[in-house]
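# Results of the structural survey
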Amino acid sequence: MTAAFRARIGECRAALAAMPGNSVALAGLFDAFDALGEAGTPEEAVARSAFGEGLRRQGRAAEAEAHHRAALSWLPDFGGNHFNLGLTLQALGRTAEAADAYGEAARLMPRFAPAPCNQGVLLRALARREAAETALRRALSLDPTLVPGWLNLGAVVQELGRTEEAAGCYRNALALRPDLAEAHANLGLAVKEAGRLADSLPAFERALALGLTDAGGVLAQLVQQMRHLCRWNGLAERSAQLAALMGGGATRQVHPWIFLGEGAGPAAELACARRYAEWRTRGTAAMPAQPDSGPRGRLRVGYLSADYHEHATAALIAELIERHDRSQLEVVGYSYGPDDGGPMRRRLTAGFDRFVDISDRSHADAAARIRADGMDILVDLKGYTQHARPEIAAHRPAPVQAQWLGYPGTMGAGFIDYVIGDPLVTPFDHQPFYAERIVQLPDCYQPNDRSRPIGPTPSRAACGLPDRGTVFCCFNAAYKITPDLFDRWCRVLRAVPDCVLWLLDSHPEASANLRREAARRGVAASRLVFAPRRPPAEHLARYRLADLFLDTTPIGAHTTASDALWAGLPVLTVTGEGFASRVGTSLLRAVGLPELAVRSFADYEVTALRLAGDPDGLTQLKARLTAERERAPLFDTERFARALERAYATMWDIHMAGKPPRPFAVRDED
């Protein structure tokens, strides 16, 4: 038999001498060497790696890997073989191994720029950003014309928070490839994150004009930044394009949070979230299920967020975390956001039983840590809000997974079992619009912190307000103000000559645009007063100068509405279709002012006008709110904690019974 294999080697070599690259002869040659357990020549090792690369390009990556590894056993110090192995391992989704292979290729071929470039791309995917930056800078020092190097270096430094530097990287890529739509889109994102919203618009528009494989994500960003700036000229047309893309199923990259602002309804929002979840978590494999380890003394609940610092979510949950019943629960905070070193960060770190910083871990490594910690229930507090990392939950580190508080809608993802809401924001007849099973808390889905201080009330003059007249207030971000809603506000202002509208100074251009839009609608620009951002206690104190908070839709006030109510300011809202437009209604029911949640915009205008002409009525509403504040369910954190713990216990009981997740309402044990 040995003689036969040796004869075959000779025949194959002869065939290759006559026709180099003959795939049949190469396959026969390699089979014969493998049968004999022998190595070929260095030239044949290189040929074998090239043969494997050909198989990879045909989609036969597993076969390709075997040839690359054999080639490396024959010729371990040839960088090209390591590079080809890296390509194959990358195709197989084995990111860490591929990064190592590219690193070895870079070591052996110190002048070959694609090796450190590819290594840097994968190190970024592994969340090893500093190492990725080093590799990419090495690649670009070798070849400054390497466009993928500039794009990926830009992405890395952007993730490290150096947005202006990222913008410079994207501009370098565009100097080499002015027609590269991806670079224009990335530039738009970088300058947006740097706070230069107006500068992002031309970049997004250029990317769309050049053409993208999936234009939905960039179009959604363009729409959102136009909303932030209150640039309403052309906004309706862009929104219509976005709706058409979604309706036709032509995009998977529209950000669900942005799409909520379209007010397209729960069915369309579910479709958007499903497509986005599939795209965002593509290639993410769930961890194998683990057998249950037996009865527990306490449930282990992990809260996953990027917002454990001075942030709206942190302000809502701080007291809840402190009040969880430690005889029933062990609560762990998993943080992948920045540590601002502030008092809220310190309070939360102390409030959890354990606080784990996973910000420098890859999605897979973060999930592995959560799995190793033995969490029974993982609660994602981010959903699809800013800086969210749904990929962590997509790895399925916990047997039961829920989303709550941060995102007002469905995540459209199979890896989230439950959405925690209440009878108003998530009625059971909306279950068809949720990929998760609905869990209803008895009063309101939103917790509150009763310890948050309210500073001394300033004077009206100190806040730029007139001494007399009604003050309508809306401290929501400017992107929530729609042209239609602003029309209605201006009608109220025209009908009540001595009133003013007090808004948050979200962005200088937005404020200027709103003043101009008011003038176009017959309202003096001076009747719009803009409040600068202030520390929390000062901000809360300002609410006491206003007479009525006017809510927005389709995305209403959430934490902002709770702030107003906590400070004693009544909120007027319209009950909409989806979660995001029903939060105000839920809060008002839980604080004892249900009549301020009206059914239509017509009722909204009528009610605002009636209250503006009824100072005594407004005074009575404020007195009711003040009287109810200490005993209302909305601000009863102890009661909320017990209800949420009953929700967790029911989720776990369902899991332990071997049953699939199901909708349920948490009983009220008042």
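See the structure shown above.
This write-up is about the structure you can find in this document. All values reported here derive from a predicted model rather than from experimental measurement. (Residues numbered from 1 in each chain as written. Predicted model: local features only at pLDDT ≥ 70, side-chain atom pairs only at ≥ 80, totals over all residues. Heavy atoms only, no water.)

## With respect to empty space enclosed by the protein
- Tallied over the full model, the rule gives two cavities of 30 Å³ or more.
- Here the largest cavity is characterised by a volume of approximately 70 Å³.
- Together, L260, P266, E269, L270, P408, G409, T410, H430, F433, Y434, G578 and F579 line the largest cavity.
- Broken down by element, the residue count for the lining of the largest cavity peaks at three residues, all from helix α16 (residues 266-280).
- Within this model, the second largest cavity holds a volume of roughly 60 Å³.
- What lines the second largest cavity is simply L441, P442, D443, C444, Q446, P633, L634, D636, R639, F640 and A643.
- Considering only residue class, the lining of the second largest cavity consists of seven nonpolar, one polar and three charged. (1 Å grid on protein atoms, 1.4 Å probe; cavity = no way out; pocket = protein on both sides within 12 Å on 5 of 7 lines; lining within 4 Å. Points joined across faces, edges and corners; volume = space filled by probe spheres on them. Helix = DSSP H or I, 4+ residues; strand = E, 2+ residues; numbered from the N terminus. Nonpolar A, V, L, I, M, F, W, Y, C, P; charged D, E, K, R; others polar.)

## Comments concerning the packing of helix α9 (residues 147-159) against helix α10 (residues 163-176)
- Viewed as axis vectors pointing N to C, α9 and α10 meet at an angle of 165°, and their least axial separation amounts to 8 Å. The orientation of α9 with respect to α10, classified from their angle, is roughly antiparallel. As for the relative orientation of α9 and α10, their crossing is left-handed in sense. Only E165, A166, C169, Y170, N172, A173 and L176 of α10 make contact with α9, whose side of the interface consists of V147, W150, L151, L153, G154, A155, V157 and Q158.
- Its residues placed into classes, the contact of α9 with α10 shows 11 nonpolar, three polar and one charged. (Axes fitted to C-alpha atoms, helices over the stretch in contact; angles between N-to-C directions. Parallel < 35°, antiparallel > 145°, perpendicular 65-115°, else oblique. Left-handed = near helix turned anticlockwise from the far one by under 90°. Contact = heavy atoms within 4.5 Å.)

## Digging into the pairing of strand β12 (residues 571-574)
- Of the two faces of β12, the one carrying V571 and T573 and the one carrying L572 and V574 are both buried.
- Taken together, the two bridges between strand β11 (residues 548-550) and β12 define a ladder with parallel strand orientation. Within β12, the residue paired with L550 across the bridge is L572.
- For the crossover from β11 across helix α24 (residues 559-566) to β12, the handedness is right-handed.
- Two elements, β12 and strand β13 (residues 597-598), share two bridges in a ladder whose sense is parallel. Residue pairing for β13: V574 is matched across the bridge by V598.
- The parallel pair β12 and β13 is bridged by helix α25 (residues 583-591), and the resulting crossover is right-handed. (Buried < 20%, exposed > 50% of the residue type's maximum accessible area, 1.4 Å probe, protein only. Pairing = 2+ DSSP bridges. Right-handed = clockwise from strand over helix to strand, strands pointing away.)

## Some remarks on the pattern of salt bridges
- For the structure on display, the rule yields 53 salt bridges.
- Measuring nitrogen to oxygen at the nearest pair gives 2.8 Å for the salt bridge that ties R196 to E164. Placement of R196 in the loop between α11 (181-193) and α12 (197-210) and of E164 in helix α10 is noted, with a sequence separation of 32 residues between them.
- The exposure class assigned to R196 is partly exposed, which follows from its relative accessible area of 26%.
- If you follow the salt bridges from partner to partner, you end up with E319, R323, R450, E638, R642 and E645 in one network. (Salt bridge = Lys/Arg side-chain N within 4 Å of Asp/Glu carboxyl O.)

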